[in-house]
Each structure stands twice: as C-alpha cells, then as structure tokens.
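Here are the chains, one letter per residue:
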Amino acid sequence: MENVSAPLDDDSVDISALLKMGPMAPISNTHATYAALRNNQPVLDVTKITSGNSQESKTFLITRYADVKHVLKDDVTYSSDINQRTMGIVMGPTIVGMDGKAHLKHRTLITPSMTPRVLKGDNFHDVVRRTADETIDAFVGKGVADLHHDFCFKYPLKVFVSLLGLPSDDLDQVHHWGIDLCLVAHDPGKGLLAADKLLNYLTPIVQAKRKSSDSDMINMLVNAQINGEKMSDYEVVSFLRLLVLAGAETTNHLLGTVCYVLLHNPGLMARVRDDRSLIPALFHEAMRWESPIGTLMRDATVDTEIGGVAVPKGSLVLCHIGAANRDERQFEDPDRFDIDRVDNEHIGFGYGRHYCAGSHLAKLEAEVALNALLDRLQDLKPDMTKPSRIIGFSFRGPDSLPVSFAAA
Ligand code: HEM
C-alpha cells in the first residue's frame, strides 16, 4: 500500500484571529489549531470573538467528528434556518435554509434534476469531457499555466452553464455575478447587486423554459411537481443562485486540492496516471483532507448540550466539517493524505437530511476533469519559484497552481 505525505503547516494560529478574519480568511496554517481545539476545547464558546460585546445569543464552534455528525443528524434540535437568515439575503428562499416538511418538499422537487444520467442522458460524460477539453485548449499551447485560474476556476462554471442550457457567451458574466454573490459577507453592496442582476437575468429564462420542451436542468426544475404543486419562478431562480455557489465554487476547490496533492507527490501522480480506477478514492481522500466547505451553521432550537457543554436555545453552532474530517478519533494518522485509506467516511458533503444533493454530479465532473488533464498534459510539474498554498476557513482550496507541462 502506498502512502504519501503532502506538505502540512504545523504552526498553530490563534482561533480568535482566525474567526475575526471571517469566512474567507486567506490563511493556510489552520490544522494545528483545529487539532488543539479537538483535544482541549471541542465545544468552544466563541460568542465574544464572533459578536464583540453583544451576548444576546451564544455561538459555539465544534470540531470533533462525532459531535459534528450528531448535530447534522439531529435536524429537530438543530435548525438550518440560520442559512436562510444569512445566505437567504442574497439567494432568496433556498433548500439549505429549510427544515422539516418544507425541506422535504423542496428536496423531492429538486432531486430528479440533479442526477447526471437524467441531466444529459448517456451524453453527459461527452458534454462534460468536451467542456474540459475546451478549457484546456485555451492554454495547452503555452506549456505553462496556472491550473487554479485557467482550469479549476473556469471549468465547473462552464459545466454548470451547459447543464442549465444557458448561452455560452453569458459564461463570464454569470461567473462574475457568482463570485460577487460569494463575497456578500465582505461587501454586502456588491453581493446584493449581483443577486439582483442574476434575478433579472434568470427570471425571463425560467419563464421561457416553462413553455419549452428542452431537457436541461431548468426545464426539469420548472416542471417538477409534488401533489400538483410546482416551484414558483422566484423559487427556481433562488435555487439556481444557490447552485452557482454550491455547485461551481466547491468543485473548483476540490479539483484544485487534488491537483495540488498530485503536483507535490510525483509518485502518486504517476500511479494515478497509470491506474485511473484510483481517481474516485483520490477525490474522497481530498474531500476529507482539505474539505472544500469548512463550516456548516445550525441554530439550537431548544436548551441542549454537546459533549457535556450546555448549549442554550437560540445558540448558533458552527460545525467545522474540515476539522472533523481530521479527527484522530475517527481517522488513523489523519494529517496524512492516503488514497488507500479504508472506510473513509468523511463528511465533506455534509451529513443527514441536507447531505449534498449534487454529490454525484460533483464527483463525475471532477473525475472527467482530472482524466482530461492527465490525458493532455504530460510531464506536469509545479513551478517551485511560485509556491502555492491551500487557504481558507469556510471555503478551502489552493490560492494558485502554477505549472509547466508538455502537451500530449
Ligand atoms: C466538491 C463539491 C461539493 C461539495 C464539497 C459540496 C458540499 C456540500 C455540503 C457540505 C452540503 C451540506 C450543507 C448543509 O448541511 O447545510 C451541500 C449541500 C448541497 N449541495 Fe453540495 N457540494 C458540492 C457540489 C455540489 C454540486 C455540483 C451541486 C449541484 C450542482 C451541489 C448542490 C447542493 C445542494 C442543492 C445542497 C443542499 C441540499 C439540502 O439542503 O438538502 N453541490 N453541499
């Protein structure tokens, strides 16, 4: 069995500093901090750090695998409404902020539109591979690239635009709005403007799809029904705005981390080049090792306790799935990147009723992309004069991936 180690920062950073930097903190050395929290303060009251002097309701950060899984599973004690009160400002009403029957209804409505097989029939693989090849065509002649910017960042959104059946000329504009949406916590004005632009752009498209017989994702969403009830145009647009982030940004980070690991471990790169059946395990281990989404939020609906710590009703619970996925109580030698790991029950796609609805799509999309990169870029090497880092607190992936290669 081959194990590989990838570079690991071992300097701990103060958790107060980390939380104050906010969800998009451009920081790499987080894992030693999380290990210390898991061992010493697994249910940490961070109220004073996150809300200054206001103590109206408490905030807890939890980092152990068992605690995080417990909270995500118990959707009665822990509500997702906090997502509605935060992301809902730019997205509108979406499934990630719903509980109970409302969630079940929406999940039933959207699920059929999310399976790759249904989306593009047997053609799905070809459509996605073509998108990967076109993205590579744009830089392959140069012999150098920043795989983060030139591929990982662009490709998932291109796939997404194709799945939605949007005109490909609109790609850059949709991407731009998507990025601004993501930055709403830092720049609310920009985020809200982008949300408005996407609403104006998508509403007529959704309305037209109600009358068309296309078989793309928007069509499936407008036609989906449960007990004769369909989603309104606004609900469909809100869901699509969520997908711009949930679908494109996350897959970007996953692909980036996989490329980062392979570039820093030539032995593993050679092994995967020769045996592509290893790719699914490679992605699963990357999801565990550097989870693209770091934290999930829940509200305590009653007075409760986590790991013996009292959590009053109304508390915000920050579930750190990135830290949980490195819990030494669950995973042997958790800082080691090991594609031969058995029983890799990571929770990078979440857990419980909100488990990622697009996980099959994400895995397939990522697998096709990596095959295309390995097929077309030989002698792939990192440019060590421009070292890249994996960064982020709530979203996590490489900041850049400068490489040289020979075109196959
Ligand atoms: C590597 C890529 C991805 C990662 C790491 C990821 C991660 C997650 C996580 C952690 C959740 C749980 C949220 C919560 O419990 O509050 C989630 C939910 C969701 N994801 Fe993904 N996701 C990825 C790709 C995608 C893609 C490609 C799509 C669709 C095209 C998608 C659509 C969704 C939707 C609709 C939900 C909400 C499900 C619900 O609330 O019931 N995701 N995802």
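Residues numbered from 1 in each chain as written. Predicted model: local features only at pLDDT ≥ 70, side-chain atom pairs only at ≥ 80, totals over all residues.

1. Some thoughts on the overall build of the protein chain
Right, so step 1: Scanning the protein chain for helices and strands turns up 19 helices and 14 strands.
Right, so step 2: Relative to the compact-globule value of 22 Å for 408 residues, the protein chain shows a C-alpha radius of gyration of 21 Å, a close match.
Right, so step 3: With respect to the three principal axes, the spread of C-alpha positions in the protein chain is 60 × 55 × 40 Å.
Right, so step 4: Looking at the 408 residues of the protein chain, the share that counts as buried comes to 43%.
Right, so step 5: The long-range share in the protein chain, meaning contacts at least 24 apart out of those at least 6 apart in sequence, stands at 69%. (Helix = DSSP H or I, 4+ residues; strand = E, 2+ residues; numbered from the N terminus. Rg over C-alpha atoms; globule rule 2.2 N^0.38 Å. Buried ≥ 20, exposed ≤ 12 C-beta atoms within 10 Å, placed from the backbone. Contact = placed C-beta atoms within 7 Å.)

2. Observations concerning the site of the ligand
Right, so step 1: Looking at the ligand, there are 23 residues lining it, with Gly-247, Gly-350, His-354, Cys-356 and Gly-358 nearest.
Right, so step 2: Secondary-structure elements contributing two or more residues to the shell around the ligand are helix H15 (233-264) and helix H19 (359-376).
Right, so step 3: When residues in the shell around the ligand are grouped by element, the largest group, 6 residues, is from H15. (Near = placed C-beta within 6 Å.)

3. Concerning the sheet that holds strand S4 (residues 144-146)
Strand-to-strand pairing in sheets goes through backbone hydrogen bonds, with the strands running parallel or antiparallel.
Right, so step 1: Judged by pairing direction, the sheet is antiparallel, and its 3 strands sit side by side in the order S4-S14-S11 without closing on themselves. This sheet does not close on itself; its edge strands, each paired only once, are S4 and strand S11 (377-382). Each neighbouring strand pair of the sheet contributes to a mean axis angle of 30°, computed without reference to strand direction.
Right, so step 2: Note: S11 against strand S14 (residues 402-407), 4 bridges, orientation antiparallel. From the neighbouring strand, Gln-378 faces S14, where its bridge partner is Ala-406. (Pairing = 2+ DSSP bridges. Axes fitted to C-alpha atoms, helices over the stretch in contact; angles between N-to-C directions.)

4. Comments concerning the packing of helix H17 (residues 279-289) against H19
Right, so step 1: At a minimum axis distance of 10 Å, the contact between H17 and H19 shows a crossing angle of 115°. In terms of crossing hand, the pair formed by H17 and H19 is right-handed. Facing Ile-279, Pro-280 and Phe-283 of H17, the residues of H19 in contact are Lys-363, Ala-366, Glu-367 and Leu-370. (Left-handed = near helix turned anticlockwise from the far one by under 90°.)

5. Side note on unusual backbone geometry
Right, so step 1: One non-glycine residue with positive phi stands out, namely Asn-227, at about 50°.
Right, so step 2: Considering the arrangement of structural elements, one finds Asn-227 in the loop between strand S5 (225-226) and strand S6 (229-230).
Right, so step 3: Judged by the 6 C-beta atoms lying within 10 Å of it, Asn-227 falls in the exposed class.
Right, so step 4: Look at Asp-343: it is not a glycine, yet its phi comes out positive at around 50°.

6. Some points on the sheet that holds strand S7 (residues 295-300)
Right, so step 1: Read from one edge to the other, the open sheet built from 5 strands follows the order S1-S2-S10-S7-S3, with strand pairing classed as mixed. Since the sheet does not close on itself, it has two edges, and those belong to strand S1 (43-45) and strand S3 (78-79), each with one partner.
Right, so step 2: Summarising the sheet, S7 and strand S10 (residues 316-320) pair through 5 bridges and their orientation is antiparallel. Directly across from Leu-296, in S10, lies its bridge partner Cys-319.
Right, so step 3: In the packing of helix H4 (residues 65-73) onto the sheet, the strands contacted are S1, strand S2 (59-62), S3, S7 and S10, and the crossing angle to S10 comes to about 125°.

7. Quick word on the confidence of the model for the protein chain
Right, so step 1: This prediction gives the protein chain a mean pLDDT of 89; 93% of its residues lie at or above 70.
Right, so step 2: Every residue in residues 1-10 scores below 50 in pLDDT, and together they form 23 contacts with partners more than four places removed in sequence or on other chains. (pLDDT = per-residue confidence, 0-100.)

8. Notes on the nonpolar core
Right, so step 1: One finds Val-258, Cys-259 and Ala-369 to be the most contacted residues of the largest nonpolar core, which totals 79 residues.
Right, so step 2: For this core, the element with the highest residue contribution is H15, accounting for 17 residues.
Right, so step 3: Each residue touching Ala-369, except ones within four places of it in the same chain, is listed here: Ala-132, Tyr-155 and Leu-255.
Right, so step 4: Core analysis: the second largest hydrophobic core is formed by 26 residues, Tyr-65, Ile-293, Met-297 and Phe-395 among them. (Core = buried A, V, L, I, M, F, W, Y, C linked by C-beta atoms within 7 Å.)

9. Here's the deal with the packing of helix H11 (residues 155-164) against H15
Right, so step 1: The geometry of H11 relative to H15 is characterised by a closest axis approach of 8 Å and an angle of 145° between their N-to-C directions. The chirality of how H11 crosses H15 is right-handed. Here Pro-156, Leu-157, Phe-160 and Leu-164 of H11 lie close against H15, whose contacting residues are Leu-240, Leu-243, Gly-247, Ala-248, Thr-251 and Asn-252.
Right, so step 2: Of the residues in the contact of H11 with H15, the class split is 7 nonpolar, 3 polar and no charged. (Nonpolar A, V, L, I, M, F, W, Y, C, P; charged D, E, K, R; others polar.)

10. A look at the environment of Ile-226
Right, so step 1: Within the secondary structure, Ile-226 is located in strand S5.
Right, so step 2: Ile-226 gets classed as exposed once you count the C-beta atoms within 10 Å, which come to 12.
Right, so step 3: As for Ile-226 and Glu-249, which are separated by 23 residues in sequence, their C-alpha atoms are 30 Å apart.
Right, so step 4: Each residue touching Ile-226, except ones within four places of it in the same chain, is listed here: Lys-105, Thr-108 and Leu-109.

11. As for the environment of Ser-168
Right, so step 1: Relative to the assigned elements, Ser-168 resides in the loop between H11 and helix H12 (171-182).
Right, so step 2: By the C-beta count within 10 Å, which is 11 here, Ser-168 ends up exposed.

12. Brief notes about the environment of His-253
Right, so step 1: Secondary-structure assignment places His-253 in helix H15.
Right, so step 2: Assessed through the 26 C-beta atoms surrounding it within 10 Å, His-253 is described here as buried.
Right, so step 3: Here His-253 is in contact with Pro-292, Phe-395, Arg-396 and Gly-397, once residues within four sequence places are set aside.

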